[in-house]
Amino acid sequence: MFRKSMRLAAVMALPAAVTLGGVPAWSQSLGLVPEPTGNLSVLNQFCIDRFNSGQQPRTPFESRRDNAARDPVTFELLMNPDGTPQGAATVTELTTASGQSVFPENPDFPNGDSFTPNPSNLLPTVYENATTCRGNEIPHTLPSTPENPYNLHDDPAIRPIDKTSPTDDLDWIMDQMEALAEPFVTCRTFQDYRFCYEYPRRVDTGMIRRYSRLALDIIEGNPLKRRFSEREYEGFPLLHYLGGLKTKAVDPETKSVTVTQLWYDTHIESDVAYIDPSVVNDEEWTIKYVVKILNRGHEDFAPYAMFFDDPNELDLTDVGGPDLTQGGTVVPRIPHIGMDQTFFPMEEGLEYTLNMKMPPARFWNLSYHWGWRVHPPRVQVTENVLAPLGVDEDGNPRPRNFAELAVFGENPLASEEAKLNAIGMIGDTAPAKRMWLMFREMAQLGTNNDPFASRREFLGLNGSTVRAQMELIRQAFYDWQNRRKLPTGYEMAEDADMTVLFLNNTIYGQLKDHDGDAEVRMKPGVWDKRGDTVNVQLLNGDYFPHAYVLVDFGGLRGWENTFHNTLPVGGAGPLFTFGRNYFWIHIAGLGPIPVPPAERPESASPTPISQLGWEPSSRTAGHSLVWGGMQQEMSDYVNTDGIGEHDVIVNFTYEPSRRLRLYQFDALHHDVAVWSVH
């Protein structure tokens, strides 16, 4: 919730101030969790027993119960005029795998054995490609062998680059603006006593405008000028509004697609968030990565690809099983395996180009690109645009980039109006948006649009006023740099184990009792054994819906460790690598959990291009849709400060993976909207 303190000044300085907060709703008794809506464990009989495929068992989907909207203070049900409960759920309670687990509980480790030297969910390493349900080999699914540690890519081509990052240049700009506003100091000596006086300096409005516009170009991702021209980061904005332009198709001749990424500070930014692999659905292909490591970006390159079982093999009627293709009308996308495709050390000031081998695209869901040294939040995701994001009102699958296009438009750079409309969808409390708003104000000083012309303190443009504004910009700058804690104005609910905040089309988060600086690790006693419960507070400060998904990477179904030791050459493997694991989606049975948008202040940014209206899907989630559509109705509940809120209670039925406990992301706007916990 919002703490009414000195921090209020930072947010109140915005042209459209909002406050944040709310009261948690964990204390409500939610009752029994109902039976699951889908059960893929039936495949075990056919894939494992009938075909001897060597696959890991699958479990049922989660079971879950949704609670009606409640008053944030009294917890009483909010009622419609006709006496029915208002809206939809503000609390969701779920039990993973509907209470089932693949591995039996170890009686020798009653407190959980995931953190012992040989946890039960660590599988024997098999140096072979993974197989389909019917036992057929899936190409390029063995990332590393003792003979060839980098089994899936060629030797990178490496060249030196300018490693200056947006952080460096914004910091320099603010230094110059602060220097312009430094007060004059005059000292006099009288009878051996020295007296010094400080008084405000008159500021050059032209220089303030010039520096502010340079900062805006960086934040918006515009072409850069003057000393910033030809920066490697040009065109990669701090504001995440360009999703409509981040779809590329695989070239039909080369069977390849190029993905360019920037790694710096806590950021991985990419020019591609969606790939159309239509031409290689049944062919092997490559992703050509061009990875630029800027200041403070030293990392191990570890793209983690998630693959489905072969949809062409899942009409099982020939062996007395179900037809998961429903007569060939749907493409079944069944969770199968995930793996780090490599674990290659990368150094600052270098660009690495390598080609990653991929199996036929019908297997491919997405590729995470994450940094184990700063994780979270150093992560970015590129998805298969053909893997649908729910269905439309006629039951037709929507492409995975549907939500990005609906919110931000197909081309946010088509005009200045289109750009402002797209940026206007981002919540005004987002640190990058706060910087943008305040630099825009200062870029108009002394012009006909001067927002401060009527304010007495700005008539003289004295340095003390400019310095006060720069302090607020600095605060937003520091908030932007650290997504491991909530930004200025936000606080966790008292009963939450963690808070996940959707803001700037990404995620900020905070763990209870965590300092916000160290690696995000749960403290002992918070989910270290099966049966434990984790309370997650979801907040949405943007002006469009987000949707929460929780995925397991090997705790439930197991994981292998296939990588070699890169410690001697500056890497971290095999301490943190995933190798190969068997993922499961914990929020699949009823689809992602929608989190309503924040209320838009009257004086907020321009009118949005379009509002996303999510209705429950007419089709069951089952196995045909990746994230299960949007079965759960979205509440219009916002807390007392106008921020969209939904709370999730997760009951875990297995010990966590030693590598990663909770992987949380936005199903509608994935890209950089990920917040994971170790």
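Calculation notes
Residues numbered from 1 in each chain as written. Predicted model: local features only at pLDDT ≥ 70, side-chain atom pairs only at ≥ 80, totals over all residues. Heavy atoms only, no water. Helix = DSSP H or I, 4+ residues; strand = E, 2+ residues; numbered from the N terminus. Buried < 20%, exposed > 50% of the residue type's maximum accessible area, 1.4 Å probe, protein only. Contact = heavy atoms within 4.5 Å. Axes fitted to C-alpha atoms, helices over the stretch in contact; angles between N-to-C directions. Parallel < 35°, antiparallel > 145°, perpendicular 65-115°, else oblique. Left-handed = near helix turned anticlockwise from the far one by under 90°. Nonpolar A, V, L, I, M, F, W, Y, C, P; charged D, E, K, R; others polar. Polar contact = N/O pair within 3.5 Å; in protein donor to acceptor, adjacent residues only side chain to side chain. Disulfide = S-S within 2.5 Å. Expected span 1.5 Å × (residues − 1). Phe/Tyr/Trp six-rings, centres within 6.5 Å; stacked < 30°, edge-to-face > 60°. Pairing = 2+ DSSP bridges. pLDDT = per-residue confidence, 0-100. Core = buried A, V, L, I, M, F, W, Y, C linked by side-chain atoms within 4.5 Å.

Caption draft 1: Inspection of the overall build of the protein chain at higher detail. The secondary structure content of the protein chain amounts to nine helices and 27 strands. Taken over 678 residues, the protein chain has a buried fraction of 62%. Sequence-distant contacts in the protein chain: of pairs separated by 6 or more residues, those separated by 24 or more amount to 77%.

Caption draft 2: Highlighting the packing of helix α3 (residues 166–180) against helix α4 (residues 205–220). Orientation of α3 relative to α4, taken along the N-to-C sense of each, is 165°, at an axis distance of 10 Å. Taken as axis vectors, α3 and α4 run roughly antiparallel relative to one another. For α3 against α4, the interelement crossing comes out left-handed. Along its contact with α3, which presents P166, D169, L170, W172, I173, Q176, M177 and L180, the element α4 presents M207, I208, Y211, S212, L214, A215, I218 and I219. In the contact of α3 with α4, the residues fall into 13 nonpolar, two polar and one charged.

Caption draft 3: Fine view of the environment of Q380. Relative to the assigned elements, Q380 resides in strand β16 (residues 379–384). Overall, Q380 belongs to the buried group, its relative accessible area being 0%. In this structure the C-alpha to C-alpha distance between Q380 and W370, which are ten residues apart in sequence, comes to 6.4 Å. Of note is the side chain of Q380, whose polar atom sits 2.9 Å from the side chain of D671.

Caption draft 4: Quick look at the state of the cysteines. Taken as a whole, this structure holds one disulfide when the rule is applied. One disulfide in the model links C47 with C133; its S-S distance is 2.1 Å. Here C47 and C133 share a disulfide; its torsion about the S-S bond, -95°, makes the bridge left-handed. With C47 in helix α2 (residues 42–50) and C133 in the loop between β2 (91–95) and β3 (157–160), the pair connects residues that are 86 residues apart, well separated along the chain. Both residues of the pair, C47 and C133, count as buried.

Caption draft 5: Geometry of α2. Listed in full, the buried residues belonging to α2 are L43, N44, F46 and C47. Of the residues one or two after α2, N52 is the one with positive phi, at around 50°.

Caption draft 6: Broad picture of α3. With 15 residues, α3 extends 21 Å from end C-alpha to end C-alpha; this agrees with the ideal 21 Å at 1.5 Å per step. Among the residues of α3, those classed as buried are P166, T167, D169, L170, I173, M174 and M177. Buried-residue contacts for α3 involve α4, β7 (256–264), α7 (431–443) and α9 (463–481).

Caption draft 7: Structural context of the packing of aromatic side chains. By the definition in use, this model includes 23 aromatic pairs. Between Y304 and W370 the ring centres are 5.1 Å apart and the planes differ by 35°, which places this aromatic pair in the tilted class. With Y304 in strand β11 (residues 299–308) and W370 in strand β15 (residues 364–370), the pair connects residues that are 66 residues apart, well separated along the chain. The exposure class of W370 is buried, given its relative accessible area of 0%. Judged by centre distance (4.7 Å) and plane angle (65°), the ring pair of Y368 and Y663 falls under edge-to-face. Of the two residues, Y368 sits in strand β15 while Y663 sits in strand β26 (residues 662–666), which places them 295 residues apart along the sequence.

Caption draft 8: Spotlight on the sheet that holds β3. The strand order β3-β14-β10-β7-β8 describes an open sheet built from five strands, whose pairing is mixed. Strand pairing shows two members of the sheet lacking a second neighbour, β3 and β8 (267–270), which therefore form its edges. Direction aside, the axes of adjacent strands within the sheet are offset by 25° on average. The sheet contact formed by strand β10 (residues 285–293) and strand β14 (residues 350–358) spans nine bridges and is antiparallel. Within β14, the residue paired with V291 across the bridge is Y352.

Caption draft 9: Geometry of the confidence of the model for the protein chain. On average, residues of the protein chain score 83 in pLDDT, and 81% of them are at 70 or above. In the model, residues 1–32 has pLDDT below 50 throughout and makes 92 contacts with residues more than four positions away in sequence or in other chains. Segment residues 454–460: pLDDT under 50, and seven contacts once partners within four positions in sequence are set aside and those in other chains are kept.

Caption draft 10: Geometry of the pairing of β26. Of all five residues that make up β26, five are buried, and the element is covered over most of its length. Residues L662, Q664 and D666 line one face of β26 and the alternating positions Y663 and F665 line the opposite face, and both faces are buried. Where β26 lies against strand β27 (residues 674–677), four bridges are found, and the strand directions are antiparallel. Within β27, the residue paired with L662 across the bridge is V677.

Caption draft 11: Quick look at the nonpolar core. Membership of the largest hydrophobic core comes to 66 residues, with the highest contact counts inside it found for Y368, W370, M498 and F553. Top element by residues in this core is strand β20 (residues 546–552). It accounts for five residues. In terms of nonpolar packing, the next biggest core, distinct from the first, is built from 62 residues, A181, L224, L420 and F477 among them.

Caption draft 12: Examining the side chain of R484 more closely. On the secondary structure map, R484 appears in the loop between α9 and β17 (498–503). Of the polar contacts made by the side chain of R484, one reaches the backbone oxygen of D517; its length is 3.2 Å.

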